[in-house]
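# Tertiary structure, described
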Amino acid sequence: MRIILYAILLMFAACNQKKNQEKQSAPIAYSTIEVQQQIKVEDITKHLNYLASDEMRGRDTGSPEIEHAASYISDHFSQNGVKPYFSTYYDTLQNYDGLAYNVVGFVPGQNKESDEFILIGAHYDHIGIVMPQENSMDSIGNGANDNATGTTVVLELARYFGANPPQDRSLIFALFSAEEKGLKGSKHLAKKLKGEDLNLPLMLNFEMMGIPMNHNDYSTYVTGYNKSNLPDLVNEIAQKPLAGFLETSETLNLFRRSDNAPFYEEFGIPAHTFCTYDFTNYDFYHKAGDEANLMNFEFMAQTVNEFIPVIEFFVNRPELGVKLN
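Small disclaimer: the values here were computed from a predicted structure and weren't measured.

The rules we used
- Residues numbered from 1 in each chain as written.
- Predicted model: local features only at pLDDT ≥ 70, side-chain atom pairs only at ≥ 80, totals over all residues.
- Heavy atoms only, no water.
- Helix = DSSP H or I, 4+ residues; strand = E, 2+ residues; numbered from the N terminus.
- Buried < 20%, exposed > 50% of the residue type's maximum accessible area, 1.4 Å probe, protein only.
- Contact = heavy atoms within 4.5 Å.
- Salt bridge = Lys/Arg side-chain N within 4 Å of Asp/Glu carboxyl O.
- Core = buried A, V, L, I, M, F, W, Y, C linked by side-chain atoms within 4.5 Å.
- Expected span 1.5 Å × (residues − 1).
- Pairing = 2+ DSSP bridges.

## Description of the overall build of the protein
Looking only at helices and strands, one finds nine helices and nine strands in the protein. The buried share among the 325 residues of the protein stands at 54%. Partitioning the contacts of the protein with sequence separation of at least 6, the portion at a separation of at least 24 is 80%.

Okay, structure coming up:
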């Protein structure tokens, strides 16, 4: 009887060893097929209604109103487990004539041996007061799509990762000022972080994310699509066409015209902007009509939810896998 039992135990041990070997050799899963609805429409709506309200008067760089926006962002960080990256959340620009600052927070990774960071950014400024459109008295460039939507994406990603810290790489969440003045906020921060010799292998930027594109075969487009393998990897992780190519983006050289560019130039890394404004789906770019009530809150919530497993992959997998072409 003991011999039989011993044989059975050996058989189970062999089976378990085989399973463990298969588990170790199997590729790491990218994400669950079913995207969890972590980000809610009501939170998207709240951010946009505040940041793009008439009371914010277009969030012009250096204005009292953009200071209110910076306070709103820093309060959100503080309430959701996102620490100041510097001594405070405010990073004062040294390349702007006047007072302006980025708002920068971070969530440390749990791996104490890793010194790598991934930066997620968007600009929170806009153009302030503009010329009224024909037959309208409205002169406030509210900047809902440009770029309260990108700011909202970063705020909600910060909320999620503040509650679910990354296992490996740390995350920096940066909201840039003075983008409309020539990318001054991102230029300042990229130079400053490079001067600190920050180990930054990847930067993801979000710009004008409020309206679905008229291209039904993918959800967002990526500026500088062919500069790295990021778009293909994003789609593989998401298990859907989340990041596509837009010819207009290449024609207008949008890769160099948003806040990803300074990080590409300073660090020589994959640094891209995700966007849904395709120049055919919205009529109020840099106009007074760029209002919060025109945004598609449900689309935005769904898109942010789809980016969560992508970013989780990048911060949790030992091998990043993103590289320049």
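More follows now that the structure is in view.
## Quick word on the pattern of salt bridges
The final tally for this structure, using the stated rule, is seven salt bridges. Across the pair Arg 159 and Glu 156 runs a salt bridge whose closest N-O atoms are separated by 2.9 Å. Of this pair, Arg 159 and Glu 156 both sit in helix H4 (residues 144-163), three residues apart, roughly one helical turn. Take Arg 159: its relative accessible area is 23%, and that puts it in the partly exposed class. Salt bridges linked by common partners bring Asp 43, Glu 156 and Arg 159 together as one network.

## Quick look at the nonpolar core
Phe 77, Tyr 124, Leu 157, Phe 173, Phe 206, Phe 274 and Phe 314 are the most contacted members of the largest nonpolar core, which totals 73 residues. If you tally residues by element for this core, the top one is helix H9 (residues 297-316), at 12 residues. Residues in contact with Phe 314, not counting those within four places in the same chain, are Ile 118, Arg 169, Leu 202, Leu 230, Leu 233, Val 234, Ile 237, Leu 320 and Val 322. Residues Phe 117, Leu 119, Ala 174 and Ala 271 belong to the second largest nonpolar core, which totals 19 residues.

## A closer look at helix H5 (residues 184-195)
In this model H5 runs 16 Å from its N-terminal to its C-terminal C-alpha over 12 residues, within 8% of the 16 Å that 1.5 Å per residue would give. Along H5, the residues that are buried comprise Gly 185, Ser 186, His 188, Leu 189, Ala 190 and Leu 193. Its buried side turned inward, H5 meets strand S2 (90-92), strand S3 (101-107), strand S4 (116-123), strand S5 (170-176) and helix H8 (261-267). Just past H5, the residue Asp 197 takes up positive phi, approximately 60°.

## Brief notes about the pairing of strand S9 (residues 271-275)
Across the five residues that make up S9, a large majority, five, are buried. Side-chain alternation along S9 places Ala 271, Thr 273 and Cys 275 on one buried face and His 272 and Phe 274 on a second face that is also buried. Where strand S6 (residues 199-207) and S9 come together, five bridges link them in parallel fashion. Across the sheet, residue Met 203 finds its bridge partner in S9, namely Ala 271. In terms of strand pairing, strand S7 (residues 220-222) meets S9 through two bridges, oriented antiparallel. Following the sheet pairing, Tyr 221 is matched in S9 by Cys 275.

## Focus on helix H6 (residues 230-238)
Burial within H6 is extensive, with seven of its nine residues counted as buried. When we look at burial in H6, the residues that qualify are Leu 230, Pro 231, Leu 233, Val 234, Asn 235, Ile 237 and Ala 238. Of the surrounding secondary structure, the elements contacted by the buried residues of H6 are S6, S7, strand S8 (243-244), S9 and H9. At the exit of H6 stands Gln 239, carrying a positive phi of roughly 60°.

## Examining unusual backbone geometry
For the peptide bond that leads from Asp 146 to Asn 147, omega is 0°, which places it in the cis range. In this fold, Asn 147 is placed in helix H4. Residue Leu 183 is not a glycine yet carries a positive backbone phi of 60°. Mapped onto the elements, Leu 183 comes out in the loop between S5 and H5.

These figures come from the coordinates and say nothing about function on their own.
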